[in-house]
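Listed here are the chains, written in short residue letters.
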Amino acid sequence: MDNEFTPTPFDSHLQDRTLQLLKTAIPYIPYPRQRFVATLIKMMELSRANSLFDHKEPSLQMCEGMNTPTRILQMLDAIRPLCTESDQSGIDMISNVLSMADLYGGIFHGQEDV
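Residues numbered from 1 in each chain as written. Predicted model: local features only at pLDDT ≥ 70, side-chain atom pairs only at ≥ 80, totals over all residues. Heavy atoms only, no water.

1. Remarks on a nonpolar patch on the surface
And step 1. Taken together, I72, M75, I79 and L82 make up a surface patch of nonpolar side chains, about 310 Å² in accessible area.
And step 2. In this structure L82 comes out as partly exposed when scored by relative accessible area, which is 39%. (Patch = residues over 30% accessible without salt bridge, like charges linked within 9 Å, V, L, I, M, F, W, Y side chains within 5 Å. Areas by Shrake-Rupley, 256 points an atom, 1.4 Å probe, with all protein chains shown as cover. Salt bridge = Lys/Arg side-chain N within 4 Å of Asp/Glu carboxyl O. Buried < 20%, exposed > 50% of the residue type's maximum accessible area, 1.4 Å probe, protein only.)

2. Notes on the side chain of E45
And step 1. Along the chain, E45 falls in helix 3 (residues 31–52).
And step 2. What makes E45 buried here is its relative accessible area of 9%.
And step 3. Contact partners of E45, with chain neighbours within four places excluded, come to L14, Q15, L19 and K23. (Helix = DSSP H or I, 4+ residues; strand = E, 2+ residues; numbered from the N terminus. Contact = heavy atoms within 4.5 Å.)

3. Structural notes on the packing of helix 2 (residues 17–25) against helix 3
The description of two packed helices rests on the angle between their axes and on the distance between the axes.
And step 1. At a minimum axis distance of 10 Å, the contact between helix 2 and helix 3 shows a crossing angle of 155 degrees. When the interaxial angle is binned, helix 2 and helix 3 end up roughly antiparallel. Crossing hand, helix 2 versus helix 3: left-handed. Within the contact between the two elements, helix 2 uses L19, L22 and K23 and helix 3 uses I41, K42, M44, E45 and R48.
And step 2. Here the residues of the contact of helix 2 with helix 3 sort into 4 nonpolar, no polar and 4 charged. (Axes fitted to C-alpha atoms, helices over the stretch in contact; angles between N-to-C directions. Parallel < 35°, antiparallel > 145°, perpendicular 65-115°, else oblique. Left-handed = near helix turned anticlockwise from the far one by under 90°. Nonpolar A, V, L, I, M, F, W, Y, C, P; charged D, E, K, R; others polar.)

4. Notes on the environment of L82
And step 1. Structurally, L82 is set in the loop between helix 4 (68–79) and helix 5 (85–112).
And step 2. Residues L82 and E4 lie 78 residues apart in sequence; the distance between their C-alpha atoms is 9.5 Å.

5. Here's the deal with the confidence of the model for the chain
And step 1. With 79% of its residues at a pLDDT of 70 or more, the chain shows a mean pLDDT of 80.
And step 2. Of all secondary-structure elements in the chain, the lowest mean pLDDT belongs to helix 5, at 79, while helix 3 reaches the highest, 92. (pLDDT = per-residue confidence, 0-100.)

6. With respect to the pattern of salt bridges
And step 1. Applying the stated criterion across every chain, the model contains 4 salt bridges.
And step 2. Note that E45 is salt-bridged to K23, the shortest N-O span being 2.7 Å. Here E45 is found in helix 3, whereas its partner K23 is found in helix 2, with 22 residues between them in sequence.
And step 3. With relative accessibility at 28%, the residue K23 sits in the partly exposed group.
And step 4. Taking the shortest distance from any N to any O, the salt bridge between K42 and E45 comes out at 3.0 Å. Of this pair, K42 and E45 both sit in helix 3, separated by 3 residues, roughly a single helical turn.
And step 5. What emerges from the salt-bridge pattern is a single network uniting K23, K42 and E45.

This is the structure in structure tokens:
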């Protein structure tokens, strides 16, 4: 994992060009006003985050209709690049256990149909 910021799907719903421009301008604003502008930007992001959940249809739902183990595996796969090598090893172990449990359950579920 490096220190480079990688926007997530959630971030992409909160950000737009205007907010990026405002964030870029913060260091050039007189110091006494920087806090106000930074707080204003965060309030705008918070407002956008709240509005994401005002709709009946989820705009962030990526795994609609998937079973829980599949959702967890996809989530772990999505967060893995953001983790340290040590954390990635732990995620790999959890992913392998979940995959084996899902396969194991599928084998025995399939035998019940015979």
